[in-house]
Amino acid sequence: MTNATDQQANTPNYKKTLNLPKTSFPMKANLVQNEPASLKRWDALKTDGSDNKGLYHAMQATAEGRKKFIFHDGPPYANGSIHLGHLMNKTLKDLVVRSKFMAGYHCPYIPGWDCHGLPIEHKVMTNLVESGKAAKLETLTDDQRRTAVRRECKTYADKQIKLQAGQMKRLMTLADYEDPYLTFLPKFEAGVLEVLAGLCEQGLVYKALKPVHWSVANETALADAELEYQDREDLSVYVDFEATDAAAVFNAFGIQEADHPGATPSFMIWTTTPWTLPANLAIAVHEKFNYALVRVDGNLTVMACDAVERVTTLAKSEEVETLATTTGDKLVGLSYTHPLIANAPTPINDPDADTSNCYSIVHADYVTLEDGSGLVHTAPGHGSDDYITGLRVGLPVYCPVLGDGTYDTTAPDWLIGMSIWDANQLVADRLTESGHMFHAYKFNHSYPHDWRSKTPVIFRCTEQWFVAVDQPTKRDGNSLRDMAMKSTGDDRSVHYVPAWGRNRMRGMLESRPDWCISRQRSWGLPIPAFTLPTGDAFMTAASVTAVNIIIREKGSDAWFADEPSSLLEHYNPATDPDAPAELKDGSVTFDQLTKGQDILDVWFESGSSWNAVMRQRSSGENFPIDLYLEGSDQHRGWFQLSLLPSLGVMGRPPFRTLLTHGFMVDKDGKKLSKSAGAALKDLFDRYGVDVLRWWVSSLAYENDVKVDEEFFKLAGDSYRKIRNTLKFMLSNLNDYEAPANPDFSKFHVHSIDAWVLGEYNTLIEKVTNAYETYAFHEAQKLIYKFCNTTLSSEYLSAVKDRLYCDAPDSERRRATQQTLHTLTDGLCKLIAPVMCHTADEAYRALHKVEPKEPTTCVHLTGFPSKVNLETATAWPLLWESIEKIMKAAEDTRAKSDIDNPLDLGVKLPDPDDTFKWFNAEDLADICGVSRFELTKDDKIEITDLREQPRCDRSWKRDTTVKPRSDGGTLSARDAQALGLD
RNA sequence: GGGCCUGUAGCUCAGUUGGCUAGAGCGCACCGCUGAUAACGGUGAGGUCGACAGUUCGAGUCUGUCCAGGCCCA
């Protein structure tokens, strides 16, 4: 039973004579209610001399004059509530902002939002249609309609930004939320156009007809980043294209035409897009591959040797006979007849195109033997590879498909005006009827889809603006790719965390095509290009710069509202070396120009933020930027698309360090479904933000991160451990007044206080290092282990006796309190970047701050500095022995009826006097036993002290315990504490 | 199909240039304390290191193939 009932009736109750822990710091955190109170208190923080209020500005004011750390926020898209992905991304960023401040840097942080673009425009258009307002728009002029849509989009974006900013603030992220960067603000737009002008100046911007991914649903070109791959069932066809000259084919195979009188060999192609067949202009083979002339059920056809069995089996052909084989190079130059079209068509926008090279066999490297027949249908207007081949062999860029996905008037009559999706079957039927279809079947494959409308995307030739990747810059002749390869290669100008980011970037840069920067939408930054009466485009560095003066002043709406002559008010062709001749000589005036209709790819905007935000707001000072931190998808996205413009304009990467984190996956490691995962707000309300942040800080974020309800619960458990350790320390400092400058010079090197302060010094060093290298989980682990093991299980359990039982003012107790105070203060500072609320709550409790007192805040301090004192070097050895002692003691208790460790004594062999200078009472307290002796024996001995008297107050058994004048049985220390003899 | 990455106890992670019986925390089981108490302390049980093959005296670590998963691309 309890020790209290053990006592004799006349023994005093000593409990009330102890210095028991006491604090107002509650065990229960109640984060959901208390965090908003902290936020409110921080919001009210005001530092002298500034109009700005709030913790962020107070920190900036505090850090004024320090070494700067420039960190740049990648803009999330302004749509919808923030989700689990934002939780990790924004928290990690905040850990950087806060830890850099605590480490002594000045780290300003401007949050941003990506506001333009299709998702918002699509949403707004949907709303307009549903509300019936869209019909009204139809009555307006183009410019008016677009201006109206843009107004709606801006209102929508503003609302989303407010929503997200509120949630980010609740996440306790620190940033300049009063002055964020928004991509639709005139000053941002102007910063983007500066970059465009810079690229024009380097000769990297051009307009060209090129096949691009085209969304039929939205009638716009799409960026790579706007594609999603989904499985789709398509009609897959093997089609025979008859050779024009049968003799030439037989000749290529080295056999006589006479042996096959009247036979017309065909070339067999394979495609999953029959609708592109009308645009076929060539068939590609690989020069090195072997091709066979095969008789299949009576017909002669050419296909790759490796494809014969596969293809004929697929088509269930009955008689298959290979007549001869040859290599691809022998086939190059042969011609064929298009099965659907008599004469090669001329493109609608290029009536003078040379069609003389059409309908022949050409070579291409990308021909493979895995799929199809080894002969590749080539339509330069509908494929990237095809386009390049077409350029090489002199084919026109023919694309008979309009923006809405229907055929134009150059297509065969029976296709004109028809949707390409409907044409698939019709083309197949025609080919079957005419006997050209060898085999048709349904085929499931991964196919690119428009990320927004989820509809399949096609390749279509359109006039688009491009940034050239391989064009030499005028500055030094290095192309963007040259520079990009260098920055991801050996020059180490960019530091990658984790290191494999370098290879990943490099791989993507090696193969990336020219960047299509134009879109055919309204909600975006217009490309300030004009069309001359000749139909040629006009956009030069000087013209962009001139228009930009207007945009900076009025915003990009001016492009739609103003006439070319006023937009070009500040432009002088005479001083522009790149100006078109007709403008220079005055034969064409500004009034005769028409404004371009394209807007910029949103990635070009966010990819220019290094200029539009960082350089612009610091007069160029904050460049290059120390750190970009985003998910690993941004290697292709924002990182790469920031790198390229910066290389073009500035000649160097915009960032020094690129840090990437992985993606959230479910508890089985599978991709998180869009609907999965609780709303973040729900998590705020159930666990509290400190717990969520504590969880984020524990993540090995460079890999995929599993997320599950259970993990938040576990994080809550470990949060409580930290909280309880803080509470216990605070509760033992209730009667302690900390000196302004604690003096540790009198601490004995062998004392337990010196030991724990040594551990604390190590902790400071390791944790600040971990923060420095963004190894937050390392910091988190160290802090957790320190609280749990070093403090709770080792130090605090050892010093409990002296804290409780020593006279309140005793030197030993005060020394321990001084230690505790230092540890608590430092711990609050070390956890401050993570548990923002709890750290400040504990810090204010430690410093006994009145609840209403607004200015004391752990977040305005810094990481603790090390305590200046020595620690005995034998401690590690001693701890090894202590571990053995604990096991031995546990053994003894298990084998006997001794339950209480205080009924035990310990004898530790110390033949070499290694531990001679340690204090026996300290060691007994560490082991949780009553007595500790060093011996010259060779074995640890655990002794039973139950025969000896026990102190009624401290429950220890030591040699000084005896009856005292108050009727109790006490040790000398306890008697002295009570002022007894 | 290609590029980059991941796969170590039930869970989350450490494991340096290949080198003793593979570590930690959580969780779990058992014990103690009841003067940190919706706390605290102690002890313990858990792993053929995704699979297979290879290099080596020796492989969680290096190589290859395969399987599973993620991001990006085709």
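In this text the structure is predicted, and so the values were computed from the model without any measurement.

Peer 1: So what about the overall build of chain A? Which residues, and what values?
Peer 2: From N to C terminus, chain A includes 32 helices and 31 strands. Taking 30 Å as the expected radius of gyration for a compact globule of 981 residues, we find that chain A reaches 39 Å, considerably beyond that expectation. Principal axes of the C-alpha set define a box for chain A whose edges measure 130 × 75 × 55 Å. Per-residue burial over chain A gives 56% buried out of 981 residues. Contacts spanning at least 24 positions in sequence make up 78% of the contacts within chain A whose residues lie at least 6 apart. Summed over all atoms, the accessible surface of chain A reaches about 42,200 Å², with 49% contributed by carbon and sulfur. Side-chain charges of chain A comprise 106 positive and 137 negative groups, with the mean position of each set lying 9 Å from the other.

Peer 1: Talk me through the sheet that holds strand β21 (residues 594–595); I want residue IDs and the actual numbers.
Peer 2: Strands sit in the order β20-β19-β21 across an open sheet of three strands; the sheet is antiparallel. Either end of the sheet is taken by a strand with one partner, and the two such strands are β20 (537–538) and β21.

Peer 1: Could you give an account of the pattern of salt bridges, with specific residues and numbers?
Peer 2: Scanning the model with the defined rule gives 51 salt bridges in all. Between R150 and D557 there is a salt bridge, with its nearest N and O atoms 2.8 Å apart. Taken together, the residues span a long stretch of sequence, with R150 in helix α7 (residues 142–170) and D557 in helix α17 (residues 557–561) at a distance of 407 residues. Judged by relative accessible area, D557 falls into the partly exposed class, the value being 37%. Across the salt bridge formed by D717 and R720, the nearest N and O atoms sit 3.0 Å from each other. Here D717 and its partner R720 are both found in helix α25 (residues 709–731), three residues apart, which amounts to about one turn of the helix. Through salt bridges with shared partners, one network takes in D801, R802, D806, R812, E921, D922, D925, R953, K956, R973 and D974.

Peer 1: Lay out the state of the cysteines with the relevant residues and their values.
Peer 2: Tallying each qualifying case throughout the model produces zero disulfides. With no disulfide of its own, C805 lies 7.1 Å from the sulfur of C951, the closest cysteine sulfur. Of the residues examined, C805 reaches a relative accessible area of 5% and is grouped as buried. Free cysteine C927: the closest other cysteine sulfur is in C805, separated by 18 Å. The exposure class of C927 is buried, given its relative accessible area of 6%.

Peer 1: Please give an account of the sheet that holds strand β29 (residues 941–944) that cites residues and values.
Peer 2: Spatially, the three strands line up as an open sheet ordered β28-β27-β29, and their pairing is mixed. Sheet topology places β28 (931–935) and β29 at the edges, where each strand pairs with a single neighbour. Within this sheet the neighbouring strands show an average axis-to-axis angle of 25°, counted without direction. Against the sheet, helix α30 (residues 875–895) engages β27 (904–909), β28 and β29, with an angle of about 140° to β27.

Peer 1: If you had to explain the environment of K785 to someone new, which residues and values would you point to?
Peer 2: Here K785 lies in helix α27 (residues 776–805). C-alpha of K785 to C-alpha of M27: the two residues are 758 residues apart in sequence and 20 Å apart in space.

Peer 1: Describe the packing of α27 against helix α28 (residues 811–831), naming the residues involved and giving the relevant values.
Peer 2: How two helices pack is summed up by the angle between their axes together with the distance between the axes. Where α27 meets α28, the axes come as close as 11 Å, and the angle between the chain directions of the two elements is 160°. Considered as vectors, α27 and α28 are oriented roughly antiparallel to each other. The hand of the α27/α28 crossing is left-handed. Across the interface between the two elements, I783, F786, C787, L791, Y795, L796, V799, D801, R802 and L803 of α27 pack against R812, R813, T816, Q817, T819, L820, L823, L827, L830 and I831 of α28. Here the contact of α27 with α28 is built from residues that sort into 13 nonpolar, three polar and four charged.

Peer 1: Would you mind going over the packing of aromatic side chains in detail, with residue names and values included?
Peer 2: The relative placement of two aromatic rings is captured by the distance of their centres and the angle of their planes. The tally for this structure, following the rule as stated, stands at 34 aromatic pairs. Considering the side-chain rings of Y701 and F776, the 6.3 Å spacing of their centres and the 40° angle between planes classify their relative orientation as tilted. Residue Y701 is found in the loop between α24 (689–697) and β26 (705–706), and its partner F776 is found in helix α27; the two are separated by 75 residues along the sequence. This pair shows no difference in class: Y701 is buried, exactly as F776 is. Chaining the aromatic ring pairs together yields one cluster made of F530, F538, W559, Y571 and F590. The cationic tip of R232 hangs over the ring face of Y447; the distance from NZ or CZ to the ring centre is 5.9 Å.

What counts, and at which threshold
- Residues numbered from 1 in each chain as written.
- Chains lettered and ligands numbered in written order.
- Predicted model: local features only at pLDDT ≥ 70, side-chain atom pairs only at ≥ 80, totals over all residues.
- Heavy atoms only, no water.
- Helix = DSSP H or I, 4+ residues; strand = E, 2+ residues; numbered from the N terminus.
- Rg over C-alpha atoms; globule rule 2.2 N^0.38 Å.
- Buried < 20%, exposed > 50% of the residue type's maximum accessible area, 1.4 Å probe, protein only.
- Contact = heavy atoms within 4.5 Å.
- Areas by Shrake-Rupley, 256 points an atom, 1.4 Å probe, with all protein chains shown as cover.
- Lys, Arg positive; Asp, Glu negative; His and termini not counted.
- Charge placed at Lys NZ, Arg CZ, Asp CG, Glu CD.
- Pairing = 2+ DSSP bridges.
- Salt bridge = Lys/Arg side-chain N within 4 Å of Asp/Glu carboxyl O.
- Disulfide = S-S within 2.5 Å.
- Axes fitted to C-alpha atoms, helices over the stretch in contact; angles between N-to-C directions.
- Parallel < 35°, antiparallel > 145°, perpendicular 65-115°, else oblique.
- Left-handed = near helix turned anticlockwise from the far one by under 90°.
- Nonpolar A, V, L, I, M, F, W, Y, C, P; charged D, E, K, R; others polar.
- Phe/Tyr/Trp six-rings, centres within 6.5 Å; stacked < 30°, edge-to-face > 60°.
- Lys NZ or Arg CZ within 6 Å of the ring centre and 35° of its normal.

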